[in-house]
Structures are given as C-alpha cells and as structure tokens.
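Structure at a glance
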Amino acid sequence: MNNMLRKCTTGLLILLFSWNLTAKAAEGMWIPALLKALNESDMKTMGMRLSAEDLYSINKSSLKDAIVHFGGGCTAEVVSSQGLILTNHHCGFSQIQSHSSVENDYLKNGFWAKTQSEELTNPGLTATFIARIEDVTDQVLTGTQDDGEGAAEIISRNIRQIESEVENGEPNHEAKIKPFFYGNQYFMIVTKTYRDVRLVGAPPSAVGKYGGDTDNWMWPRHTGDFSVFRVYAGPDNEPADISDINVPYEPAKHFPISLKGAQPGDFTLVYGFPGRTQQYLHSRAVKFVTQVQNPAAINMREKSLAIIDAKMAESARWRIAYAAVQARISNYYKKWIGENRWLDKLDAIRVKAEMEKEFAARIDRDPDLKKQYGDIQEKLLAHYDNGDKYLMARTMLIEFFYVGPQFLRFTNAFTNLVMYPDKMSEEEIQEEVDRLKTSVANYFKNYSPETDQKILAALYPEYIRHLAPDLHPEIHADLAAKYDTDWDKYAADLFEDSYFTNQEKLTKWLDGYSAKKGKKLQSDPAFALMQSVLDAWRERSAANYAQFDGNLSVLMKDYVKAMMTVFPDKTYWPDANSTLRVTYGKVEGSEPRDGVEYTPFTTMDGVLAKYVPGDREFDLPEDYLQLARNRDYGQYADKNGDLVVCFTASNHTTGGNSGSPVINGDGQLIGINFDRSWESTMSDIMFDPERCRNITVDIRYVLWVIDKYADARRLIDEMTLVK
C-alpha cells in the first residue's frame, strides 16, 4: 500500500469511526488517544464537564495516570498521593486467599493493615500504568501490499523494530503494538509496570462476595466488591522488585472522591482495560458459539462445580483451599448461560443474518465493491466449516486441562525432570528439584486428591465426547479398551497408582531423584495422561488452529473494512483487546423483559432484607449488622439518610473492566465497576442499549466499610474527599 493510499484509508477510518456517534451513546469502548477527535462533543452533550485532555494527555498529568492494569487481568484506580489503589474484591481474591489460613482466615474475617509496615507483599502481582498510546499504522504497514505475499512477516518485523526502538530508548518502559479492527489500524501502547503491590485491606467475603453465585451477574445487587492495595516503588519512584527499602509510589494523578453520589440521568464514565469483545462476528460464528462451544463448556463447569461446592461445604479448611478455584470456574459458567439466553432473546443470529443479506445485496449492486468483496462471506463460511473442530479442540483443552483436574497442570511442571534430565546439568537438576519441593508443599496444602479424582471421572468423558475422533489423545484408545465407559474406575486407578497425586510418594521421589528414576515416571498414569493430552493438542490441533486463526484475521480484516464501506452510517469502534478504553453512559435502570423494571440504586435496606443467618451466601458478621441496623452511616449517607450500596449505568463494559473507576462529569470517583446484569452478558457479541447495564459498588459504601466497619480511618485520611 503506498503512502497516499494509507493516508486516505486512515482518513476514511477516522470518518467512519466518528459517524453518527450520538445514535448509540452508551455503546462502544473508545481509544483514549482519539477522544478529542471522536467523542468529546458527544460526552459533553451528555454531561461531562472535563475536556478530552483531562482524561488523556501525554503533555501533562491526566486521569489516565491514575488508571492501573491490575495483575494483567483487572483494572484498579489510584486514590491517594501515596499509591493507594482500589480494585474489586474478586480481582484481589487470589491474593487474599494466598495469605489466608484457618488461623488467619482473611477470606472470612477480612484483613486491614494497621500501618504500612503490615501491608502484605504479593510476589508476581503487578500494577501497570499507561505512558502513551500512539497510532503507528503507517509505520507498521510500511513495505506491504494489500494481500501481498509475505505481508504478515513484514508487519511482524516492523512491529518488532518499532517496539525495540522505544524500549531501548526509554528505561523501565515496555512497548506493545496491537492490531485494531483486525489489522486495519495499529496502536502502540507504552507502559511502565511496578512489581511491588501490597495488600492493604479487604472486607470479609460476606461483604465482598455478598450474594455469592446466586447474585453473580444479577440485579438488584448488594455486594461490597472491593479490595485495597498499594503500589510500592524504589526510592527513585521507579519500578523495583519487592524490597524492604521500597516506598509508596507517588503517582502523577489520583482520583478525587465524591461524597455527593449520583442521580438518575447523571453522566458516568468507565476507564479501564476491557478484555475481549466480538461484535463483528458473522452469524455463522455466533451460531457455533451459542449452540456448540458455550453448551460444552457450561456442561463441563457445571460438573466441576457440583463436586467442588460439596467439598467446600465440608469444613473451613476446604472452603479456603478451593475458594479461588471455585470463583474462577463459576464466574464464566454463569456468564455463558446468560449470554446464550439473551442472545437468543435478541434473536441475534437472525438479526446478523439479515444484516449480512443486506450487506451482500449492496455489494452486488456496486461493481467495484463486488469485485473487491463479492466472495468475502463465502470465504468466511468455508473457513469456519474447516476450522470448527480446531476451535472446539482449543475450548476442550482449556476446559479439561486448564480448568479441570488440577493434577494435570501440576504434573506438567515435572516435565523436565521426567522427560529431559539428560539435557540438564547437575546444577540445573538440583535447582529444579529444589524448586519443585517447594511447589509440592504449597500445592498439597490446598489440594484434595479425592475431589480431583471425582473431577477427572466426570470431565474426561466430556472432553473426549466434544473432540473430533482424529484429535483424540493417543492414550484414549488404550483407556477405552481397558475401561470401556467406567471412568470412575479409571480415575480411581490413576489416583491409586500415580506419584503426582500422592504427596508422600512424590516427596520421596524428589529426595532421591536421579535421571534414571526420573525417566521411569514417564509411564506414571497421571504423567502419561497429561503428556498425551498436550501432545494431541500440539501435534494434531495447535498448528491447524494457529493457521485457522491467522487466516480468519485476514478475512475479518477485509470483512470489517467492507462493512465500514457498505454501511457508512453505522458507528464503528474497535473490539476490546485488553488495551485502555473509555466507555460512557448515564446512571439508569432498565426494563429487561415484560413486567420487570429495574431501578438504578440499591441501599443498605436491601442488604438487610437479603440477610439469612448461617447461609453460605447471605450471612453477615454481627458487628456489621449492628452498625447497619443502627443506620450509623456518618458522612456517607445520601440526602435521604440512606446508604447507597450499588447502582447501574449504561456503560458498555466487559471482563477486564472489573475494578474500573466509575467517574462523574467532573472526573470524581463515584464507584467501582464490578459486574454486568445477567441480561447484559451478551454484550460482548451484541450490545442492546435498552437492556445492557454495568453494575457499580457506590464509593460511599466502600468508604463506609473502610471507615465505620473496619476502623481503617488512616486510609480515608489519605484520600481526597469532595464534600
């Protein structure tokens, strides 16, 4: 593509992106660097009193400097000049769980550091800040031709060169270039990552997970879904490894906090790192997701959850041990159920199919478009037909290997000692043995072989059933011949005979390790299953899936570009890809179905109404109840004397927006985003402005818990409260 054509294409894209923005103001996840050109006027019309530069600037401090990519999967926000950050309870859950024990049950009782010296370190947890976002489309596409041979390699080479130039010239910064609109545009995100992030406080799970799985993805909601961390830096305020000499990070910006709250119709803005949306999927792909992929994953997770929930109910020990695992599995289990239900309610497949029919008709009427895009849908359909089984193989690998029986992932860590000891020096072997000894102790502390055995028996036949026969792991033929369909017997035999499901046997093996002894475990039943499952993926599916995915991106690049050309009156925004985005809307309820009306606010009265003594999901601590019943809300009460707990708004959010700041028109923090209503779970594929609502924990409730309940006034004193 020559320079003139690239400039014309970029200009066309900007025009298309900005067209008809007011038609669906609540839809879209917008790139902060483009807000001034695309969204500022619309946001101000809706009630924003900031400028686009107040939200994003590289010339001065702006609110982007107070946004944190928390652990690479959630969002957090800086709320003090000493690096204090807020995120969701469920985002900090694994850290809270890792510090918990029967003696110090922070999950049950909460945790509040009385001083900075009591704040708890979390190895591996990171806080990433955005330095800048740049459109590098022209540089990335330099030397390429449309659909030309070798274009992908040229693009990859250009990306590597641009990234390395930035990283070599800017210490402590990382550059990452990502495609937008399937490669019609490229942006470089330059970041700085801090590696010392400490747990400061967390409410009891009875508050942070109030309502549990029953209320998850639901409205009305009464969940105090927040936790408190602090970012630490070296004495120079730069990133540093965890150390006693580190000091609280001094941010360029932190959020002021509004005690006024919000009213229906008020402007709201969510700033964060949404993970993944797929709004441009073809109807054929939506059909596969809703009728094949989701049902299989839902079925497998349902079986796992039934086993895990029963184990957690046995004792406090197992409740703590499996808390993070259960939360990770259950979240998307319920999300996919809602996604399927509401895509069906919206008749999404038919709606997309009608659009595709009109798309084809318009192309047929234009000779130039027909020449360029006339066969794009046929190519997509044929591509999906050829790739379905590899998509399913990837889904099953995730659900069985990465979400299913824990011993599979654990066993994989021993591959070097079992398979390749001859390729390691004696020093390397000893380092590996020492590392794995620590891993074994930590693993079995939170592991029930009995539970994992049941999960294996329940999930293995489902894993096999959803795989194409030619993609089955090699071991399956022998297992089927030996056990027929008695997978309970297979699981029992594996757990009886394997070293990797028995702490005592495995520890003795490590204590007396030799290369000869290591190789003998290649036939261990757990290792053999793990190896065969991974080999089946690597040898029969991985390359085919990669080819399918790569070619799909090429087809989708043309498909999306064609849509922009054929339907110039529509609004276009790039799918979420874990990069920093802004979404905006207003505080409002919804009428998701006939006879049902959701108001936008919940209060402490609703918390108490749901309270069930001794219930796993709706119990509350006695000291909390006393404060709530006394209506001791202090300065956090609204004008009616109530304590608002949660509210809904029409911001377009998805996974990764968990923990995102929700701000008002003045840039003040009014809440922490933590969920969507169940009717909104389809919004990753199809957004409905009448139904889709994000759910936010009101910042005044957060402050009330910190101040009145936890008596952690020192944290309140750090914050900038706007009365």
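Residues numbered from 1 in each chain as written. Predicted model: local features only at pLDDT ≥ 70, side-chain atom pairs only at ≥ 80, totals over all residues. Heavy atoms only, no water.

In terms of helices and strands, the protein chain carries 29 helices and 21 strands. Computed over the C-alpha atoms, the radius of gyration of the protein chain is 26 Å, within 12% of the 27 Å expected from 2.2 N^0.38 for a compact globule of 723 residues. If one aligns the C-alpha atoms of the protein chain with their principal axes, the spans along those axes are about 70 × 70 × 60 Å. Expressed as a percentage of its 723 residues, the buried residues of the protein chain come to 57%. Long-range contacts, defined as pairs at least 24 residues apart, comprise 77% of the intrachain contacts of the protein chain with a sequence gap of at least 6. (Helix = DSSP H or I, 4+ residues; strand = E, 2+ residues; numbered from the N terminus. Rg over C-alpha atoms; globule rule 2.2 N^0.38 Å. Buried < 20%, exposed > 50% of the residue type's maximum accessible area, 1.4 Å probe, protein only. Contact = heavy atoms within 4.5 Å.)

Under the criterion given, the structure shown has one disulfide. Here cysteine 74 pairs with cysteine 91 through a disulfide, and the sulfurs are 2.2 Å apart. Between cysteine 74 and cysteine 91 the sulfur-sulfur dihedral comes to about -85°; the bridge is accordingly left-handed. Here cysteine 74 is found in strand β2 (residues 74–78), whereas its partner cysteine 91 is found in the loop between β3 (84–87) and α5 (93–98), with 17 residues between them in sequence. The exposure class of cysteine 74 is buried, given its relative accessible area of 13%. We classify cysteine 91 as buried; its relative accessible area is 10%. (Disulfide = S-S within 2.5 Å.)

Taken as a whole, this structure holds 43 aromatic pairs when the rule is applied. For the pair tyrosine 384 and phenylalanine 548, a centre-to-centre distance of 6.1 Å together with 65° between the ring planes defines the contact as edge-to-face. Taken together, the residues tyrosine 384 in helix α16 (residues 376–402) and phenylalanine 548 in helix α25 (residues 525–566) connect sequence positions 164 residues apart. Comparing tyrosine 384 with phenylalanine 548, the two get one shared label, buried. Here the aromatic rings of phenylalanine 407 and phenylalanine 495 are separated by 5.3 Å at their centres, their planes lie at 85°, and the arrangement is edge-to-face. Placement of phenylalanine 407 in helix α17 (residues 406–412) and of phenylalanine 495 in helix α22 (residues 487–497) is noted, with a sequence separation of 88 residues between them. Assessed through its relative accessible area of 0%, phenylalanine 407 is described here as buried. By the ring-pair criterion, three or more aromatic residues cluster together here, those being Phe410, Phe414, Tyr443, Phe444, Tyr447, Phe500, Trp509, Tyr513 and Phe527. Cation over ring: arginine 198 sits above tyrosine 232, and NZ or CZ is 3.8 Å from the ring centre. (Phe/Tyr/Trp six-rings, centres within 6.5 Å; stacked < 30°, edge-to-face > 60°. Lys NZ or Arg CZ within 6 Å of the ring centre and 35° of its normal.)

This part is about a negative patch on the surface. On the surface, Glu427, Glu428, Glu431 and Asp434 cluster together to form a negatively charged patch. Position of glutamate 427 relative to the elements: it lies in helix α19 (residues 426–445). The exposure class assigned to glutamate 427 is exposed, which follows from its relative accessible area of 57%. (Patch = residues over 30% accessible without salt bridge, like charges linked within 9 Å, V, L, I, M, F, W, Y side chains within 5 Å. Areas by Shrake-Rupley, 256 points an atom, 1.4 Å probe, with all protein chains shown as cover. Salt bridge = Lys/Arg side-chain N within 4 Å of Asp/Glu carboxyl O. Lys, Arg positive; Asp, Glu negative; His and termini not counted. Charge placed at Lys NZ, Arg CZ, Asp CG, Glu CD.)

Here the focus is empty space enclosed by the protein. One pass over the structure, following the stated rule, counts three cavities of 30 Å³ or more. If you add up the space inside the largest cavity, you get close to 60 Å³. Contributing to the lining of the largest cavity are Ala393, Leu397, Tyr463, Leu467, Leu471, Val533, Ala536, Trp537 and Ser541. For the lining of the largest cavity, the elements supplying multiple residues, two or more each, are α16 and α25. The element that contributes the greatest number of residues to the lining of the largest cavity is α25, accounting for four residues. (1 Å grid on protein atoms, 1.4 Å probe; cavity = no way out; pocket = protein on both sides within 12 Å on 5 of 7 lines; lining within 4 Å. Points joined across faces, edges and corners; volume = space filled by probe spheres on them.)

Where strand β1 (residues 67–70) lies against strand β5 (residues 127–135), two bridges are found, and the strand directions are antiparallel. By the bridge assignment for β5, histidine 69 is matched with threonine 128. Of the pairings in the sheet, the one linking β5 to strand β7 (residues 185–194) comprises eight bridges and is antiparallel in character. When the sheet's bridge partners are listed, alanine 127 is paired in β7 with tyrosine 194. (Pairing = 2+ DSSP bridges.)

Attention now moves to unusual backbone geometry. Note that the residue after tryptophan 219, namely proline 220, is joined by a cis bond; omega there is 5°. Unlike most non-glycine residues, arginine 631 shows phi in positive territory, near 55°. With respect to the helices and strands, the residue arginine 631 is situated in the loop between α27 (622–629) and β17 (644–649).

Looking now at α19. Because each turn of an α-helix spans 3.6 residues, side chains separated by three or four positions in sequence point in the same direction. For α19, with 20 residues, the first-to-last C-alpha span of 29 Å sits near the 28 Å given by 1.5 Å per residue. Inspection of α19 places Ile429, Glu432, Val433, Leu436, Val440, Tyr443 and Phe444 among the buried residues, and these make up the whole buried set. Considered in projection along α19, the buried side chains sweep an arc of 105° and stay on one side of the axis. For α19, the secondary structure elements touched by its buried residues are α12 (316–321), α17, α18 (415–419), α20 (449–465) and α23 (503–511). (Expected span 1.5 Å × (residues − 1). Arc of directions from axis to C-beta.)

Now for helix α11 (residues 283–312). If you check α11, its first and last C-alpha atoms are 41 Å apart, about what 30 residues at 1.5 Å a residue would give, namely 44 Å. Taking the largest bend as the criterion, α11 deviates by roughly 40°, centred on valine 289. The buried count for α11 comes to 21 of 30 residues, which makes it a mostly enclosed element. (Bend = angle between axes of the 7 residues up to and from the residue.)

This part is about the environment of lysine 114. With respect to the helices and strands, the residue lysine 114 is situated in the loop between β4 (111–112) and β5. Linking lysine 114 and valine 200, residues 86 residues apart in sequence, is a C-alpha distance of 8.6 Å.

The topology assignment puts arginine 132 in strand β5. Of the polar contacts made by the side chain of arginine 132, one reaches the side chain of glutamate 134; its length is 2.5 Å. One polar contact links arginine 132 to glutamate 170, side chain to side chain, over a distance of 2.6 Å. Beyond its immediate sequence surroundings of up to four residues, arginine 132 is in contact with Tyr56, Ile58, Val166, Glu170, Met188, Ile189 and Val190. (Polar contact = N/O pair within 3.5 Å; in protein donor to acceptor, adjacent residues only side chain to side chain.)

By the criterion of burial, strand β8 (residues 196–202) is predominantly enclosed, with seven of the seven residues buried. Relative to β8, β4 is paired through two bridges, and the arrangement is antiparallel. Looking at β8, one finds that phenylalanine 111 is bridged to alanine 202. As paired elements, β8 and strand β9 (residues 227–233) share five bridges and run antiparallel to each other.

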